[in-house]
Number of protein chains: 2
Amino acid sequence: MPNPIGEFDLIARYFTRPARQAVLGVGDDCALIQPGVGMQLAISSDMLVEGRHFFPDVDPATLGHKALAVNLSDLAACGATPLGFTLALALPRVDTDWLAGFSRGLWALADLHGCELIGGDTTCGPLNICITVFGELPQGQALLRSGAKVGDDIYVSGTLGQARLALDALRGTLALPAPLLALSRQRLEQPTPRLALGQALRGIASAAIDISDGLTGDLGHILKASGLGASLETAVAIDLLAHDADRAAFASVLSTAQQLDYVLAGGDDYELAFCAPFQARAAVQAAAEKSHTPVTRIGRTQAQTGLRLQQANGTFLTQKSKSFDHFA
Amino acid sequence: MPNPIGEFDLIARYFTRPARQAVLGVGDDCALIQPGVGMQLAISSDMLVEGRHFFPDVDPATLGHKALAVNLSDLAACGATPLGFTLALALPRVDTDWLAGFSRGLWALADLHGCELIGGDTTCGPLNICITVFGELPQGQALLRSGAKVGDDIYVSGTLGQARLALDALRGTLALPAPLLALSRQRLEQPTPRLALGQALRGIASAAIDISDGLTGDLGHILKASGLGASLETAVAIDLLAHDADRAAFASVLSTAQQLDYVLAGGDDYELAFCAPFQARAAVQAAAEKSHTPVTRIGRTQAQTGLRLQQANGTFLTQKSKSFDHFA
């Protein structure tokens, strides 16, 4: 039986809107955009594969949200303002309910950040979502991984570890009470790209990255690119698992070691880890308030390479957690 | 057994080179590019899926070439000069021989056109190649699908139909003598993006598109976007199957109807179809010569919508060919 709608109808029905910021949007061989005078274009691509990045039965609206969110998170990490994105989609079949849900979740997040869908591709194949996102920022102001200096403070936005907790609970390798699973699942399925914080940190942060593979692994990219090491305070880090009342709830079902492990090496958090000089503490707080994003200072960069986890009693913890590798 | 190399090693080994034109290339959260003053950025994405866009046993070097070529072809169709591209790759496993071949084919074409790999993503999953390409062109000079006017000449670059002939021969639905299969297979597996022609046609062509789904289907997009119809001369079109000595060889194994069908509705050609006013004939020829690309005038746009195929005796052929639809 032929599909109820064809490729061009599918694009027209679910993925086409008139261009607003872009010079030319969906419907020609290329889209056209024109960055402002003196602006640089920041570009990032992420590919999401069924069974690897999401469960086959995930709500399509949350998948639409997440597919764009993980890309916007890369723009956040370099301090860029979103302009637009392309969407390439391989679908095993045309399922109009799925497409309606997926596009609803996608548009909702795109509209929240004024990020237009400007082009893409649709084909038949195992479910695969590839988004390339474009943002702009003033020349020379991008937050890079390589800019951290010795003695910089290290900060993290929001909370860490819940996304991985939800993943383990959904896979059945960990038991979580229903309210905590619901909370964590929200973090796994609908991450919040920290765009306002990233933009507010331009000119303040010395280096930044978004946490997709786990804090220690991603912070390790900053340290490697900057030629530094760091010390993190475990007593501060462990409280990043959750804020306020939820904090105690998680502590009641997880051991101290588990809590710390999820915070340090959970992954899929899409919070920002960033460095800033001691002198910028007030500016970092002002950026956090301006962007309505909580940030926590968790450590400091050091000349000695390697990452040291300092406990409240002053001794160092041996870290066994590893960063996520898609081919490991 | 763990893979011999991990995700980050894989990117470093096969897909990282120092940035040349780009402000920042592979290795941070985003790549950074800065179009020249007054330049617009042209962007296009194409996704290639194993079994749909290429045979599982295709030579990885030709696949690397083709994956970039089909994207560059979109830049050619709007007259843009390539700047860079992102590559998102889902691989079922880390096969270093495959990666070496794929990246070799990719780099060779990229270097030919000064198009840098500036970022991307690598993950585990059914083989899927998604490239997003970036080019620049002076503000307002993009060749669009919507600019054709009544009475414009219609042109096609190069030859059409051999890629589809090779596909049918490889699938076993058509017999081709070995020399003709080798010739056609080259067109299927290593298409030539017509970048020099596209750039030379800026300010001359009124509309352009690249032929990926077949001439009549893709020309149909120009006609629809421009609110026009057209008449094509079948006696001219049929000679587009091959040039010079090869022309007779194909004619000796294919019926007239077959030859015309492959030319008009073959697909995967990656030639340009474009329109230009009568007054621009000398300019079109000059652009063809400057870009060392043969072009053939095959018809004319008309106010009456629909596509008419005019035979040498003046009568019209009823066209049954359809454009390619990935979900049909």
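What you see is a predicted model, and the numbers here were worked out from it, not measured in a lab.

Criteria and cut-off values
- Residue indices follow the written sequence of each chain, beginning from 1 at its first position.
- Here every chain gets a letter starting at A, and every ligand a number starting at 1, in the order they are written.
- Side-chain atom pairs in this predicted model are given and counted only at pLDDT of 80 or more, local residue features only at pLDDT of at least 70, and totals for whole chains, interfaces and linings cover all residues.
- Each side-chain value is derived from all of the structure's non-hydrogen atoms; neither hydrogens nor water enter the calculation.
- Here a strand is any run of E in DSSP of at least two residues, a helix any run of H or I of at least four, and the numbering for each starts at the N terminus.
- As defined in this context, the radius of gyration uses C-alpha atoms, and a globule is described by 2.2 Å times the residue total to the power 0.38.
- Accessibility here uses a 1.4 Å probe with only protein chains present; expressed as a share of the type maximum, an area under 20% marks a residue as buried, one over 50% as exposed, and anything in between as partly exposed.
- Contacts: residue pairs with any heavy atoms within 4.5 Å of one another.
- A residue counts as positive if it is Lys or Arg and as negative if it is Asp or Glu; His and the chain ends are not included.
- Think of each charge as sitting on NZ of Lys, CZ of Arg, CG of Asp or CD of Glu.
- A simple way to read buried area is as the amount of 1.4 Å-probe accessible surface that goes missing from two parts once joined, with both sides added.
- Throughout this description, the term salt bridge denotes a Lys or Arg side-chain nitrogen within 4 Å of a carboxyl oxygen of Asp or Glu.
- N or O atoms closer than or at 3.5 Å make up a polar contact, with two conditions inside protein: a donor-capable atom paired with an acceptor-capable one, and, for residues adjacent in sequence, both atoms drawn from side chains.
- In this classification, Asp, Glu, Lys and Arg are treated as charged, Ala, Val, Leu, Ile, Met, Phe, Trp, Tyr, Cys and Pro as nonpolar, and every other residue, Gly included, as polar.
- In short, DSSP must find at least two bridges between two strands for them to pair.
- Boundary definitions for the domains trace back to an automatic or database domain assignment.
- In superposing the copies, a least-squares fit is computed on C-alpha atoms, taking residues whose pLDDT is at least 70 in both.
- Here a pair means two rings of Phe, Tyr or Trp (six-membered ring of Trp) with centres within 6.5 Å. Their orientation is stacked below 30 degrees between planes, edge-to-face above 60, and tilted elsewhere.
- UniProt positions are given in the numbering used here, feature names are shortened, and annotations may be inferred rather than shown by experiment.
- The directions from the helix axis to the C-beta atoms form the arc being described.

Student: Sorry, what's going on with the overall build of chain A here?
Tutor: The helix and strand tally for chain A stands at eleven helices and twelve strands. In terms of overall dimensions, chain A is globule-like: its C-alpha atoms have a radius of gyration of 20 Å, near the 20 Å expected for 328 residues. By its C-alpha atoms, chain A is 70 × 50 × 35 Å across when sized along the principal axes. A buried classification covers 58% of the 328 residues belonging to chain A. Contacts in chain A between residues at least 24 apart in sequence constitute 84% of all its contacts with a sequence separation of at least 6. In chain A, 24 positive and 32 negative side-chain charges are present, and the distance between their average locations comes to 7 Å.

Student: Would you take a moment to explain the interface of chain B and chain A for this structure?
Tutor: Taken residue by residue, the interface counts 68 residues in chain B and 68 residues in chain A. When the two sides are added together, the surface that chain B and chain A hide from each other amounts to roughly 5100 Å², 60% of it contributed by carbon and sulfur. There are zero salt bridges connecting chain B and chain A. Where chain B packs against chain A, one counts 15 residue pairs in polar contact (both at pLDDT 80 or more). Those elements giving two or more residues to the side of chain B that touches chain A turn out to be helix H1 (7-14), strand E1 (31-33), strand E2 (39-49), helix H2 (60-78), strand E3 (81-91), strand E4 (116-124), strand E5 (128-138) and strand E7 (207-210) of chain B. No other element matches E2 of chain B, which puts ten residues into the side of chain B that touches chain A. Its residues assigned to classes, the side of chain B that touches chain A shows 37 nonpolar, 20 polar and eleven charged. Bridge count between strand E2 (residues 39-49) of chain A and E1 of chain B: three bridges; the pairing is antiparallel. Its bridge partner lying in E1 of chain B, Ala 42 of chain A is registered against Leu 32 of chain B.

Student: Is there a simple way to explain the pattern of salt bridges in this structure?
Tutor: Pairs can form between side chains of opposite charge once their charged atoms are near each other. Residues and elements named next belong to chain A. Counted by the stated rule, this structure contains 16 salt bridges over all chains. Of the charged contacts, one joins Asp 268 and Lys 66 as a salt bridge, the two residues approaching to 2.8 Å between their closest N and O atoms. Note that Asp 268 is positioned in the loop between helix H10 (256-265) and strand E9 (272-276) and Lys 66 in helix H2 (residues 60-78), a separation of 202 residues in sequence. Lys 66 shares its class with Asp 268; the two are buried. Taken together, the shared-partner salt bridges connect Asp 153, Arg 281 and Arg 300 into one network.

Student: Help me understand the domain arrangement of chain A in this model?
Tutor: Many structure descriptions define interface size as the accessible area lost when the parts assemble. All names here are of chain A. For chain A, the assigned domains read domain 1 (8-138) and domain 2 (145-317). Taking the mean C-alpha position of each, domain 1 and domain 2 sit 27 Å from one another. Taken together, the 22 residues of domain 1 in the interface contact 19 residues of domain 2. When the two sides are added together, the surface that domain 1 and domain 2 hide from each other amounts to roughly 1700 Å², 60% of it contributed by carbon and sulfur. Listing elements by their share of the side of domain 1 that touches domain 2, those giving two or more residues are H2, strand E3 (81-91) and strand E5 (128-138). When residues of the side of domain 1 that touches domain 2 are assigned to their parent elements, the largest contribution, eleven residues, is made by H2. Grouping the amino acids of the side of domain 1 that touches domain 2 by side-chain chemistry returns 13 nonpolar, six polar and three charged.

Student: I'm lost on the relation of the copies chain B and chain A in this one. Help?
Tutor: Taken together, a rotation about one axis and a shift along it account for how the two chain copies relate. For the pair chain B and chain A, the best superposition has an RMSD of 0.0 Å and corresponds to a rotation of 180 degrees with a translation of 0.0 Å parallel to the axis. Those values place the two copies in the arrangement expected of a two-fold rotation axis. Of the interface residues in chain B, 100% have counterparts in chain A that sit at the interface too, so the contact is made through matching surfaces.

Student: How do you make sense of the packing of aromatic side chains when you look at a structure like this?
Tutor: Aromatic ring pairs are defined here through the distance separating the ring centres and the angle between the ring planes. Residues and elements named next belong to chain B. Under the counting rule described, the total for this entry stands at five aromatic pairs over all chains. Pairing Trp 98 with Phe 102 gives two aromatic rings, centres 4.9 Å apart and planes at 10 degrees, and the pair type is stacked. You can see Trp 98 and its partner Phe 102 sitting in helix H3 (residues 96-112), four residues apart, about one turn around the helix. On the basis of relative accessible area, Trp 98 is assigned to the buried category, the value being 16%. Among the residues examined, Phe 102 registers a relative accessible area of 0% and is labelled buried. Note on Tyr 155 and Phe 274: the rings are 5.0 Å apart at their centroids and 10 degrees apart in plane angle, and the pair reads as stacked. Pair noted here: Tyr 155 is in strand E6 (residues 153-157) and Phe 274 is in strand E9 (residues 272-276), with a separation of 119 residues, a long-range link. Across this residue pair, the class does not change: Tyr 155 and Phe 274 are buried.

Student: Would you explain the UniProt feature "domain: PurM-like N-terminal" (unreviewed entry) in chain A in this entry?
Tutor: Per the UniProt entry, the sites bearing "domain: PurM-like N-terminal" (unreviewed entry) are residues 27-136 of chain A in this numbering. End C-alpha to end C-alpha, residues 27-136 of chain A measures 23 Å, and it is 33% helix and 39% strand.

Student: I'm lost on helix H11 (residues 281-290) of chain A in this one. Help?
Tutor: Along an α-helix, residues three or four apart share an orientation, since each turn contains 3.6 residues. Residue and element names in this part refer to chain A. Those residues of H11 not exposed but buried are Val 284, Ala 287 and Ala 288. In an axial view of H11, the angular spread of the buried residues amounts to 100 degrees, which keeps them on one side of the axis. Within H11, the exposed residues directed more than 90 degrees away from the buried face are Ala 282, Glu 289 and Lys 290. Check the buried side of H11 and you find it contacts strand E6 (153-157), helix H6 (195-200), E9 and strand E10 (295-302). Positive backbone phi, approximately 50 degrees, marks His 292, located one or two places after H11.

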